[in-house]
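Remarks on the overall topology
The chain contents come next:
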Number of protein chains: 2
Amino acid sequence: MNIAIIGYGIVGSGVSEIIRENAQCIEHKACEQITVKKILDIRDFTDSPDSSLFTKNPEEIFCDPEISVVVETIGGIGVAYEYTKRALGAKKHVVTSNKELVATHGPELIELAAANQVSYLFEASVGGGIPIIHSLNQCLAANRISGVTGILNGTTNYILTQMQREGRDFNDALEGAQRKGYAESNPSDDIEGIDACRKISILSSIAYNEFVDCTDVYTEGISKISPVDIQYAEAMHSTIKLIAISKREGNRVFARVSPAIISMNHPLANVNDVFNAIVVKGDAVGETMFYGKGAGKLPTASAVVGDVVDIAKNKGSCRSLWDRKGYNNILPVGDSKTRYFVRVSIRNSVEAVKCVERIFDSIEFVKPGANELAGEIAFTTSKQSEQQLSGWVKELNESAPVKGIINIIRIEEE
Amino acid sequence: MNIAIIGYGIVGSGVSEIIRENAQCIEHKACEQITVKKILDIRDFTDSPDSSLFTKNPEEIFCDPEISVVVETIGGIGVAYEYTKRALGAKKHVVTSNKELVATHGPELIELAAANQVSYLFEASVGGGIPIIHSLNQCLAANRISGVTGILNGTTNYILTQMQREGRDFNDALEGAQRKGYAESNPSDDIEGIDACRKISILSSIAYNEFVDCTDVYTEGISKISPVDIQYAEAMHSTIKLIAISKREGNRVFARVSPAIISMNHPLANVNDVFNAIVVKGDAVGETMFYGKGAGKLPTASAVVGDVVDIAKNKGSCRSLWDRKGYNNILPVGDSKTRYFVRVSIRNSVEAVKCVERIFDSIEFVKPGANELAGEIAFTTSKQSEQQLSGWVKELNESAPVKGIINIIRIEEE
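Residues numbered from 1 in each chain as written. Chains lettered and ligands numbered in written order. Predicted model: local features only at pLDDT ≥ 70, side-chain atom pairs only at ≥ 80, totals over all residues. Heavy atoms only, no water.

Structural notes on the layout of surface pockets
This is how the line gets drawn: The rule is simple: put a 1 Å grid over the protein atoms alone, call a set of points where a 1.4 Å probe fits but cannot get out a cavity, call an open set with protein on both sides within 12 Å along at least five of seven lines a pocket, and count a residue as lining if it has an atom within 4 Å of a point. Grid points are joined across faces, edges and corners, and a volume is the space filled by probe spheres set on the points. Runs of E in the DSSP output that reach at least two residues are strands. Runs of H or I that reach at least four are helices, and both are numbered from the N terminus. By convention here, the domain bounds are inherited from an automatic or database domain assignment. Classification convention: Asp, Glu, Lys, Arg as charged; Ala, Val, Leu, Ile, Met, Phe, Trp, Tyr, Cys, Pro as nonpolar; all other residues, Gly among them, as polar.
Each pocket or cavity is described by its volume, and for the largest pocket that value is around 1,300 Å³. Residue lining of the largest pocket: 42 residues in total, with Val11, Lys99, Glu184, Ala295 and Gly296 of chain B positioned closest to the centre. Going through the elements one at a time, α1 (10–21), α5 (99–115), α7 (154–166), α9 (188–191), α10 (194–208) and α12 (297–313) of chain B are the ones with two or more residues in the lining of the largest pocket. Each of domain 1 (2–125) and domain 2 (138–292) of chain B gives at least three residues to the lining of the largest pocket. Considering only enclosed or pocket space, the second largest pocket measures out at about 1,100 Å³ in volume. What lines the second largest pocket is a set of 35 residues, and nearest its centre among them are Val11, Lys99, Glu184, Ala295 and Gly296 of chain A. Of all the secondary-structure elements, those providing two or more residues to the lining of the second largest pocket are α1 (10–21), α5 (99–115), α7 (154–166), α9 (188–191), α10 (194–207) and α12 (297–313) of chain A. Residue composition of the lining of the second largest pocket, by class: 8 nonpolar, 17 polar and 10 charged. Split by domain, the residues of the lining of the second largest pocket number at least three in each of domain 1 (2–125) and domain 2 (138–292) of chain A.

Written as structure tokens, this is what we have:
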């Protein structure tokens with residue numbers, strides 16, 4: 001089987017490398033030899049082991065009947081989107097790691113593939129090498145999935161792990177991540193939770209068989225997390241992670257990305273550094289968890305090649321569509337309920353405590369260690385709607401003993 | 001698509017139940033409706049919701065051209081083996097949860113399926129609902145797998161968790177497991193590690209593309225583990241699990257099932273009760289872990305139906321064979337190297353310590369808590385071959401200050 005790679009960046013070159021280095025085990029599983037016939041990139045790679053395969057002319061790929069699969073590793077929703085439509089229209093399967101494209105144009109591209117009797121596969125778009133998409137799409141097909149929760153972004157998980165282990169502050173840990181290549185020079189997609197949001201939207205669309213639009217999903221990043229927040233979490237036998245949650249609620253979906261305090265007993269608590277993990281709850285299988293490297297050249301390329309093997313092994317596969325609901329199927333975040341951790345800077349501790357007890361239902365005060373910190377108090381709430389909490393926080397912020405709200409972090413229970 | 005179920009036990013009835021209850025999401029993923037047309041069982045089930053589907057005549061299944069898939073949930077290697085060969089010979093796909101059959105006759109049945117251009121699928125034979133087999137066979141196909149390690153038996157994991165949490169002894173914990181239905185009345189396949197051995201052999205055969213025969217794999221169960229052993233493990237910030245290991249070593253395979261002391265930092269340390277987990281190491285993807293319910297009616301049935309969906313979605317799939325090597329491809333356990341924990345009953349503590357230090361290379365003494373236990377000493381060794389350790393243990397056992405060896409438990413590092 002001949003394939004073409006469009007976009008010879010980190011992942012694209014990794015795909016070529018794996019196909020070359022692991023040809024034998026790939027052929028054993030795919031039951032045929034897989035060969036890279038052409039590589040499209042606007043740049044020159046004269047020193048590459050693949051140098052003889054390069055072209056700058058996309059027609060050499062789209063018009064070649066010998067090429068049955070196109071690997072799209074360009075990224076973004078510009079030329080990658082155009083080339084994907086061309087390839088599918090030319091009745092070529094497309095395999096991608098492009099989460100932005102899948103999250104934005106997934107339903108249309110899946111339909112276009114089905115109409116041309118080819119596949120649009122994107123295991124590599126979520127969770128790097130972890131086979132989560134295939135598991136949701138096929139292995140767990142017998143289940144009504146009630147929820148998918150995960151740590152889906154390696155950059156932010158690495159930063160939070162550094163902050164926890166080394167006591168570093170956010171900016172310091174981010175710089176360390178950039179130096180190690182775990183964060184981009186413009187890291188905002190990762191830091192602000194946008195990358196995790198795209199991924200949880202893709203997983204939700206598959207899990208619930210209907211399109212979940214990432215632009216409807218409440219998303220909050222980690223830039224406000226401080227070492228003191230982490231100390232409080234540790235005092236609560238907990239840790240802070242960027243958690244992407246998705247749950248079925250009646251005929252709607254609750255989905256959210258935000259930092260959350262989770263107990264050390266939570267399955268995701270010990271997922272550290274650049275590792276990702278996804279917990280899936282199904283009505284037959286119960287709770288399952290998938291864990292592994294969520295990013296990186298070879299893990300991501302492994303997933304791309306796994307999809308290519310899928311196409312080689314399984315001629316004539318059908319692919320399920322993502323229904324587009326006529327209504328907004330996402331539960332507004334204001335209606336969702338959770339517990340919260342609130343840190344407040346204060347003028348007068350005794351008076352501030354009285355205000356908190358007056359305004360909030362059922363709270364517990366917490367300390368970051370043996371003693372309170374001067375000038376602040378902190379507490380956890382019972383389960384409340386976001387709307388209710390906002391109202392109470394506003395009232396607290398306007399009361400005399402309180403200077404301001406330092407931070408509010410959601411608490412996610414198992 | 002019409003299927004038949006042969007063997008209406010716990011799993012077989014679970015398969016029918018799931019197909020009925022979750023018909024909608026199954027149809028969405030499979031792109032067609034899946035129907036149970038016939039059920040074969042020698043018993044009567046007049047009160048079952050499936051009562052109209054029952055037959056005692058296997059010909060009604062093997063000779064029916066409308067039935068394309070046979071689910072074999074009889075178990076064992078007697079009639080299940082005969083019926084599987086008949087079904088494959090009649091060009092019907094077979095899906096099973098029967099680990100004993102797959103571990104014993106896997107290569108032959110996979111070949112028979114390939115020769116008849118149908119599939120023999122067995123996701124449910126290892127790890128219940130966890131999609132480990134599909135992941136190894138397809139999603140991770142781009143990797144040279146260097147190792148597969150897991151907790152693969154829910155019964156023994158439940159017992160060990162009870163012993164750890166409640167301080168119960170082995171027999172007491174086993175009785176508790178039997179009362180809860182987590183252990184059979186004859187539990188020896190589980191307790192003695194035979195079930196885990198079959199499962200690691202199946203996983204190894206897929207991972208390394210060659211048949212690993214479970215009868216060649218060293219297997220040791222948990223019946224000698226005591227609460228005192230567990231106390232020592234806890235003092236070492238560790239726990240004791242029944243661990244199935246498999247590693248590629250050159251052109252041979254090292255595979256072993258035995259209790260092992262693992263650090264609380266090991267990915268498998270927090271896998272408790274009836275849960276299973278499998279850690280896979282691949283050269284591209286790195287370390288991945290799969291976790292979930294390894295047994296039970298609905299988790300196992302979920303995996304069976306996942307395989308049926310695979311067949312519905314993927315017409316004309318190829319399935320890779322398990323090469324039978326001409327030589328014994330398993331590394332003898334005597335050649336394998338690991339660290340050990342050794343407990344010795346003694347006549348004279350000071351003299352016994354001197355013997356241990358004289359005989360063994362590089363050991364560390366351990367206590368089960370603040371103090372040693374009267375009448376015994378315990379120590380951990382450095383990494384040694386099993387052969388070397390046996391020699392030293394024999395010498396120690398014959399020395400005057402030593403009464404006997406209480407227990408030897410392997411230590412498995414990450």
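Observations concerning the nonpolar core
Heads up, the condition is: Residue types Ala, Val, Leu, Ile, Met, Phe, Trp, Tyr and Cys, when buried and joined through side-chain atoms within 4.5 Å, form a set referred to as a nonpolar core. Each residue is assigned to one of three classes by its accessible area relative to the maximum for its type, calculated with a 1.4 Å probe on protein chains only: buried under 20%, partly exposed between the two thresholds, exposed over 50%. The contact criterion used is simple: two residues touch if any of their non-hydrogen atoms lie within 4.5 Å.
Counting 152 residues, the largest nonpolar core has Ile132 of chain A together with Ile132 of chain B as the members making the most contacts within it. Residue contacts for Ile132 of chain A: discarding those within four places in its chain leaves Glu123, Val126, Leu203, Ile278, Val280 and Phe290 of chain A. Core analysis: the second largest hydrophobic core is formed by 31 residues, Met1, Ile5, Ile26 and Ala30 of chain B among them.

Description of the pattern of salt bridges
All names here are of chain B. How we decide: Salt-bridge detection follows one rule: a side-chain nitrogen of Lys or Arg within 4 Å of a carboxyl oxygen of Asp or Glu.
Under the criterion given, the structure shown has 56 salt bridges over all chains. Between Arg343 and Glu376 there is a salt bridge, and its shortest N-O distance comes to 2.9 Å. Taken as a pair, Arg343 in strand β13 (residues 337–346) and Glu376 in strand β15 (residues 376–380) lie far apart in primary sequence, 33 residues in all. The residues Arg343 and Glu376 share a single accessibility class, namely buried. Residue Glu395 is joined to Arg358 by a salt bridge in which the shortest nitrogen-to-oxygen separation is 3.4 Å. Taken together, the residues span a long stretch of sequence, with Glu395 in helix α14 (residues 386–397) and Arg358 in helix α13 (residues 349–359) at a distance of 37 residues. Accessibility expressed as a relative area gives 37% for Glu395, which makes it partly exposed.

Thoughts on the interface of chain B and chain A
To keep it simple, the criterion reads: We define buried area as the total accessible area lost by two parts upon association, computed with a 1.4 Å probe and summed across both. Under this definition, polar contacts are N or O atom pairs within 3.5 Å; protein pairs additionally need one hydrogen-donor-capable and one acceptor-capable atom, and for neighbouring residues in sequence, both atoms have to be side-chain atoms.
Contacts between the two partners involve 53 residues from chain B, matched on the other side by 53 residues from chain A. Each partner contributes to the roughly 4,700 Å² buried at the junction of chain B and chain A, and carbon and sulfur atoms together form 53% of this total. Contact with chain A buries surface across chain B, with Lys29, Gln138 and Lys313 of chain B losing the most and accounting together for 15% of the total. For the pair chain B and chain A, the number of links is 29 residue pairs in polar contact (both at pLDDT 80 or more). Looking at the side of chain B that touches chain A, the elements with two or more residues in it are α1, α2 (23–30), α6 (132–139), β12 (286–293) and α12 of chain B. A total of 8 residues in the side of chain B that touches chain A trace back to one element, the largest contributor, which is α12 of chain B. Residues belonging to the side of chain B that touches chain A are distributed by class as follows: 24 nonpolar, 18 polar and 11 charged.

Remarks on the side chain of Glu72 of chain A
Residues and elements named next belong to chain A. Stated formally: Counted as positive: Lys and Arg. Counted as negative: Asp and Glu. His and the chain ends are not counted at all.
Positionally, Glu72 belongs in strand β4 (residues 67–72). Lys99 provides the closest opposite charge to the buried, salt-bridge-free Glu72, at an N-O distance of 11 Å. Among the polar contacts listed, one links the side chain of Glu72 to the backbone nitrogen of Gly75, at a separation of 2.9 Å. When near neighbours in sequence (up to four residues on either side) are disregarded, Glu72 contacts Ile6, Ala80, Thr84, Val94, Val95, Thr96, Ser97, Asn98 and Leu101.

Examining α1 of chain A
Which entries qualify depends on this criterion: An expected span of 1.5 Å times one less than the residue number is assigned to each helix.
Look at α1 of chain A: 16 Å from first C-alpha to last across 12 residues, which is about the 16 Å you get at 1.5 Å a residue. Where α1 of chain A is buried, its residues contact β1 (2–6), α2 (23–30), β2 (35–40) and α12 of chain A.

Quick notes on the packing of aromatic side chains
Residues and elements named next belong to chain A. Put simply, the rule reads: A pair of Phe, Tyr and Trp rings is counted when the ring centres sit within 6.5 Å of each other, with Trp represented by its six-membered ring. The angle between the planes then sorts it: under 30 degrees is stacked, over 60 is edge-to-face, the rest tilted. Charge over a ring is defined by NZ of Lys or CZ of Arg lying within 6 Å of the ring centre and within 35 degrees of the ring normal.
Applying the stated criterion to the full structure yields 27 aromatic pairs over all chains. Their ring planes at 75° and their centres at 4.8 Å tell us that Tyr8 and Phe45 sit as a pair that is edge-to-face. Here the residue Tyr8 occupies a position in the loop between β1 and α1, and Phe45 occupies one in the loop between β2 and β3 (54–55), the gap between them amounting to 37 residues. Overall, Tyr8 belongs to the buried group, its relative accessible area being 8%. By relative accessible area, Phe45 is classed as partly exposed at 23%. Ring geometry for Phe360 versus Phe379: centroids 4.9 Å apart, planes at 65°, classification edge-to-face. A residue pair is termed long-range when its members are at least 10 positions apart, and Phe360 in the loop between α13 (349–359) and β14 (364–365) and Phe379 in strand β15 (residues 376–380) qualify at 19 residues. Residue Phe360 shares its accessibility class with Phe379, and that shared class is buried. One aromatic cluster is present, formed by Tyr120, Phe122, Phe211 and Trp322 through successive ring pairs. Residue placement shows Lys85 over the ring face of Tyr81; its charged tip is 3.9 Å from the ring centre.

What to know about the environment of Leu136 of chain A
Within the element layout of this structure, Leu136 of chain A appears in helix α6 (residues 132–139). Look at Leu136 of chain A and you get buried, because its relative accessible area is 2%. Put simply, Leu136 of chain A and Tyr340 of chain A are 204 residues apart on the chain and 31 Å apart in space, counted from C-alpha to C-alpha. Those residues within four positions of Leu136 of chain A in sequence are excluded, and the remaining contacts are Ala141, Ile145, Leu203, Ile206, Ala207 and Val280 of chain A together with Lys29 of chain B.

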